[in-house]
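Examining the three-dimensional arrangement
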Amino acid sequence: SRSLTTLENNQPHQQPFLIRSTVGEKIMELLEQNKVDPRQCKLVILSQDRFYKVLMAEQKAKALKGQYNFDHADAFDNDLMHWTLKNIVEGKTAEVPTYDFVTHSRLSETTVAYPADVILFEGMLVFYSQEIWDMFHLRLFVNTDSDVRLSRRVLWEVHRGRDLEQILTQYTSFVKPAFEEFCLPTKKADVITPRGVDNMVAINLIMQHIQDILNICKW
């Protein structure tokens, strides 16, 4: 990974450390950043799931039937994602979109992401875009067993009101092929972490690394 750098011209803002991680919520919890006012937070977490493209009427009709591939790399608005990350990295606030998974729509409501010293960005296909890949200082790949991925997917979709048969059809038709085509090649990340949130040894090491960065920024 690259070291933390400072912007030129003696600007007070430091370039934040950008990390791709799928264990971000756990790290936020352990560092107690989830209890801090967003304006004062030193660690911000964003999700790729907020950046799904706005669907046309025909695409939305397919989505409601479980026939639209949300796991394909083209399902995401990479331009908006890159623009949002770029703004935060440059020390600006950014309006982050909100996506409704029930109606498959981007809502008019947004949330504000404030500048921070460390940015955690979560998502299965974050690294597929070379432009976005190049922005990151540290790239983490959480390596989870395929059976675990399937069980978590089923639980997640059932919680959202999806039919089990539809979930399994989507998994075999879209999810698994998309993982193999778009996600698996990004396993060339800087750090490969097995077992995700269950691997507390790895999480504590990552957390310590982030804490060191925050201490450097404070200094």
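What counts, and at which threshold
- The residue count restarts for each chain, going from 1 along the sequence in the order it is written.
- Totals for whole chains, interfaces and linings use all residues, but because this is a predicted model, local features are given only for residues with pLDDT of at least 70 and pairs of side-chain atoms are given and counted only at 80 or more.
- Computation of side-chain values: all heavy atoms of the structure, hydrogens and water removed.
- Under the scheme used here, helices are H or I runs from DSSP no shorter than 4 residues and strands are E runs no shorter than 2 residues, and both carry numbers assigned from the N terminus.
- Only heavy atoms enter the contact rule, under which two residues are in contact if any of them lie within 4.5 Å.
- Only the protein chains shown count as covering a residue, and every accessible area follows the Shrake-Rupley method with a 1.4 Å probe.
- A 1.4 Å probe rolled over the protein chains alone gives each residue an accessible area, and that area as a share of the maximum for its type sets the label: buried under 20%, exposed over 50%, partly exposed in between.
- At least two DSSP bridges between two strands are required for those strands to pair.
- Definition of a polar contact: a pair of N or O atoms within 3.5 Å, with one able to donate and the other able to accept a hydrogen when the atoms are protein atoms, and with sequence-neighbouring residues admitted only if both atoms are side-chain atoms.
- A cavity, in this analysis, means grid points on a 1 Å lattice covering only the protein atoms where a 1.4 Å probe fits yet has no way out; a pocket is instead an open set bounded by protein on both sides within 12 Å along at least five of seven lines, and a residue lines either one if it has an atom within 4 Å of a point.
- Grid points are joined across faces, edges and corners, and a volume is the space filled by probe spheres set on the points.
- For this scheme, ten residues count as nonpolar: Ala, Val, Leu, Ile, Met, Phe, Trp, Tyr, Cys and Pro. Four count as charged, namely Asp, Glu, Lys and Arg, and the remainder, Gly too, count as polar.

- The protein chain goes by uridine/cytidine kinase in an unreviewed UniProt entry, where it is assigned to Otolemur garnettii.

So, the overall build of the protein chain
- Assigned secondary structure in the protein chain consists of 7 helices and 7 strands.
- Written out in order from the N terminus, the α and β elements of the protein chain read β-α-β-α-α-β-β-β-α-β-α-α-β-α.
- Nonlocal contacts in the protein chain, meaning residues at least 24 apart in sequence, comprise 73% of its contacts between residues at least 6 apart.
- A total of about 12200 Å² of accessible surface is found on the protein chain, and carbon and sulfur atoms cover 52% of it.

Observations regarding the pairing of strand 6 (residues 138-143)
- Most of strand 6 sits out of view: 5 of its 6 residues are buried.
- With 4 bridges joining them, strand 6 and strand 7 (residues 191-194) adopt parallel strand pairing. Looking across to strand 7, one finds that Asn143 is bridged to Pro194.

A closer look at the environment of Ala73
- Inspection of the secondary structure assignment puts Ala73 in the loop between helix 2 (57-64) and helix 3 (78-89).
- Residue classification places Ala73 among the buried positions, given a relative accessible area of 6%.
- Distance from Ala73 to Val126, taken between C-alpha atoms, is 8.9 Å for residues 53 residues apart in sequence.
- In this view, Ala73 contacts Asn78, Leu125, Tyr128 and Phe182; residues no more than four positions away in its chain are not counted.

Describing the side chain of Asn87
- Topologically, Asn87 is positioned in helix 3.
- What Asn87 contacts, discounting residues up to four positions off in sequence, is Lys92, Thr93 and Ala94.

Examining the side chain of Thr186
- With respect to the element layout, Thr186 can be found in the loop between helix 6 (164-183) and strand 7.
- A distance of 2.5 Å separates a polar side-chain atom of Thr186 from the backbone oxygen of Cys183.
- Setting aside anything within four residues of it in sequence, one finds Thr186 in contact with Phe127, Tyr128, Trp133 and Phe141.

A look at the layout of surface pockets
- Considering only enclosed or pocket space, the second largest pocket measures out at about 390 Å³ in volume.
- For the second largest pocket, the lining is made up of 21 residues, of which Pro38, Val44, Ile45, Leu46 and Val112 are closest to its centre.
- Elements supplying a minimum of two residues to the lining of the second largest pocket: helix 1 (24-30), strand 2 (43-47) and strand 4 (105-113).
- Classifying every residue of the lining of the second largest pocket gives 14 nonpolar, 4 polar and 3 charged.

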